[in-house]
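Here is what each chain is made of, one letter per residue.
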Amino acid sequence: MKTEIVKVTEEQIRQHDKNAFSKIALAGEIIKKGGLVAFPTETVYGLGGDALNPDSSGKIYAAKGRPSDNPLIVHIAEFEDLKLITEKIPETAYALAKHFWPGPLTMIFKKSNQVPKETTGGLDTVAVRMPRHNTALELIRAAGGFVAAPSANISGRPSPTLAKYVQEDMDGRIDMIIDGGMIEIGLESTIIDLTEAVPIILRPGFITKEMLQAVIGDVQIDRTLLDGDSIQIPKAPGMKYRHYAPKGDLTIVEGEPERVAEYINKSYYASHEEGKRVGVIATLENMDRYHSDCVKCIGSRQDEEGIAKELYRILREFDDEEVEVILSESFHTTGMGQAIMNRLLKAAGHKKIKV
Ligand code: TXA
Ligand code: MG
């Protein structure tokens with residue numbers, strides 16, 4: 001299959017650029033006919049297919065090499081459309097939608113029989129998100145209103161934050177890629193399950209627990225998310241897989257900056273002796289402490305949003321540069337830091353050393 005790549009910027013959509021809209025119309029037709037189109041959202045690039053067509057969901061699993069028990073998120077562009085795909089909309093959903101939709105929040109509901117089991121990985125619940133990226137919203141409308149879209153990476157690789165990474169993983173496997181440039185947030189949406197008596201966060205993201213609590217009160221968090229030793233199975237099926245994995249062997253090093261640098265430099269020399277390429281994920285504040293030949297700055301500790309945006313790109317760059325050993329600083333687990341550490345721990349297969 002030849003994968004067509006088209007460039008559409010959010011600015012063009014805002015300006016009602018005719019050329020951009022005709023590309024989106026074409027992309028919408030592809031999805032309506034059962035094809036697949038990768039597109040930008042504010043979180044990461046998504047791999048879109050018709051959420052109400054079981055064959056499309058099958059194609060998404062095949063293109064990603066993803067286990068078909070791992071459900072997809074249904075993306076909508078109008079709140080009204082939620083009614084068609086859900087059984088019941090709790091009050092909390094109205095409040096959350098008012099505050100955070102369109103935006104990086106996914107809510108889980110009891111599904112209606114309009115949504116095929118293929119899309120929900122056999123579950124009787126459905127995950128729904130209204131993204132706030134203008135290109136994504138126009139594509140969803142052009143595609144008929146319901147677009148199933150996981151992150152547009154091969155299963156187990158970091159989610160793409162640039163179209164070139166989508167192309168790296170998906171070229172020849174899907175019909176079209178809409179290149180909208182660099183993604184704004186860089187980590188996947190927060191997922192909250194509203195089918196429980198007390199809503200529960202299944203995946204942390206840009207919308208933090210504190211932000212959710214300010215709107216709907218009591219919110220729990222799935223304990224398996226940060227605790228690598230937990231024997232419980234996470235409730236979002238996707239969270240149980242070793243995700244976001246770089247090719248190199250990643251270890252997180254936690255402690256006072258001097259001790260962390262001492263440990264990382266020692267490990268660097270040891271691996272270097274063995275002829276291995278070593279990469280370090282460093283913050284602006286500490287990057288000068290490291291001796292490795294491949295130190296990547298993930299941004300300032302003062303700017304967690306900047307760190308979130310750079311994480312997946314850096315992991316992919318280490319892959320491209322064939323780095324075999326990766327050592328990373330650790331981050332606080334409050335606010336947005338919770339999402340950053342959740343993804344970093346998963347990428348490291350929960351390998352964290354305290355020094
Ligand atoms: O930001 C995002 O959410 C991106 C963009 C493209 O919108 N999408 C994304 O999709 O991250 P994906 O498929 O990579 O991750 C979806 C996660 C998986 O962990 C999956 O198990 C969980 O959502 N999920 C989906 N439906 C669910 C359900 N009904 N119950 C529990 N977890 C569900
Ligand atoms: Mg994903």
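So, how was this worked out
Residues numbered from 1 in each chain as written. Chains lettered and ligands numbered in written order. Predicted model: local features only at pLDDT ≥ 70, side-chain atom pairs only at ≥ 80, totals over all residues. Heavy atoms only, no water. Salt bridge = Lys/Arg side-chain N within 4 Å of Asp/Glu carboxyl O. Phe/Tyr/Trp six-rings, centres within 6.5 Å; stacked < 30°, edge-to-face > 60°. Buried < 20%, exposed > 50% of the residue type's maximum accessible area, 1.4 Å probe, protein only. Pairing = 2+ DSSP bridges. Helix = DSSP H or I, 4+ residues; strand = E, 2+ residues; numbered from the N terminus. Axes fitted to C-alpha atoms, helices over the stretch in contact; angles between N-to-C directions. Disulfide = S-S within 2.5 Å. Domains from an automatic or database assignment. Contact = heavy atoms within 4.5 Å. Buried area = accessible area lost by both parts, 1.4 Å probe. Polar contact = N/O pair within 3.5 Å; in protein donor to acceptor, adjacent residues only side chain to side chain.

1. A word on the pattern of salt bridges
A complete count under the given rule lists 24 salt bridges for this structure. As a salt-bridge pair, Lys276 and Glu274 come within 3.2 Å of each other at their nearest N and O atoms. Through salt bridges with shared partners, one network takes in Arg157, Glu168, Asp169, Arg316 and Asp319.

2. A few points about the packing of aromatic side chains
Taken as a whole, this structure holds three aromatic pairs when the rule is applied. A ring pair is formed by Tyr268 and Tyr269, whose centres lie 5.1 Å apart and whose planes are at 55°; its orientation type is tilted. Look at Tyr269 and you get partly exposed, because its relative accessible area is 43%. One aromatic cluster is present, formed by Phe79, Tyr94 and Trp101 through successive ring pairs.

3. Section: the sheet that holds strand 12 (residues 249-254)
Strand pairing in a sheet is mediated by backbone hydrogen bonds. Such pairs are either parallel or antiparallel. Within the open sheet, the five strands sit side by side as 14-13-15-12-16. Their pairing is parallel. This sheet does not close on itself; its edge strands, each paired only once, are strand 14 (294-297) and strand 16 (352-354). Direction aside, neighbouring strands of the sheet carry axes that sit 25° apart on average. Bridge count between strand 13 (residues 278-282) and strand 14: four bridges; the pairing is parallel. Note on strand 14: the bridge partner recorded for Ile281 is Lys296.

4. Quick notes on unusual backbone geometry
In the segment running from Trp101 into Pro102, the intervening peptide bond is cis, with an omega of -10°. Tracing the backbone through its elements, the reader meets Pro102 in the loop between helix 5 (91-100) and strand 5 (105-110). Its identity is not glycine, yet Glu322 carries a phi of approximately 55°, on the positive side. Secondary-structure assignment places Glu322 in the loop between helix 10 (304-320) and strand 15 (325-329). A positive phi angle, near 65°, is found at His350, a position not held by glycine. Within the element layout of this structure, His350 appears in the loop between helix 11 (337-347) and strand 16.

5. Some remarks on the state of the cysteines
This model, assessed by the stated rule, comprises zero disulfides. Cys297 takes part in no disulfide bond, and the closest cysteine sulfur, belonging to Cys294, lies 13 Å away.

6. Points about the domain arrangement of the protein
Split into domains, the protein comes out as domain 1 (4-221) and domain 2 (249-354). Relative to domain 2, the C-alpha centre of domain 1 lies at a distance of 29 Å. Taken together, the contacts link 26 residues of domain 1 with 18 residues of domain 2. Counting the surface lost from both domain 1 and domain 2, the interface buries some 1800 Å², and carbon and sulfur atoms represent 57% of this. The tally of links from domain 1 across to domain 2 stands at four salt bridges. Between Arg343 and Glu188 there is a salt bridge, with its nearest N and O atoms 2.8 Å apart. The tally of links from domain 1 across to domain 2 stands at seven residue pairs in polar contact (both at pLDDT 80 or more). No other element matches the three residues that helix 7 (residues 163-170) contributes to the side of domain 1 that touches domain 2.

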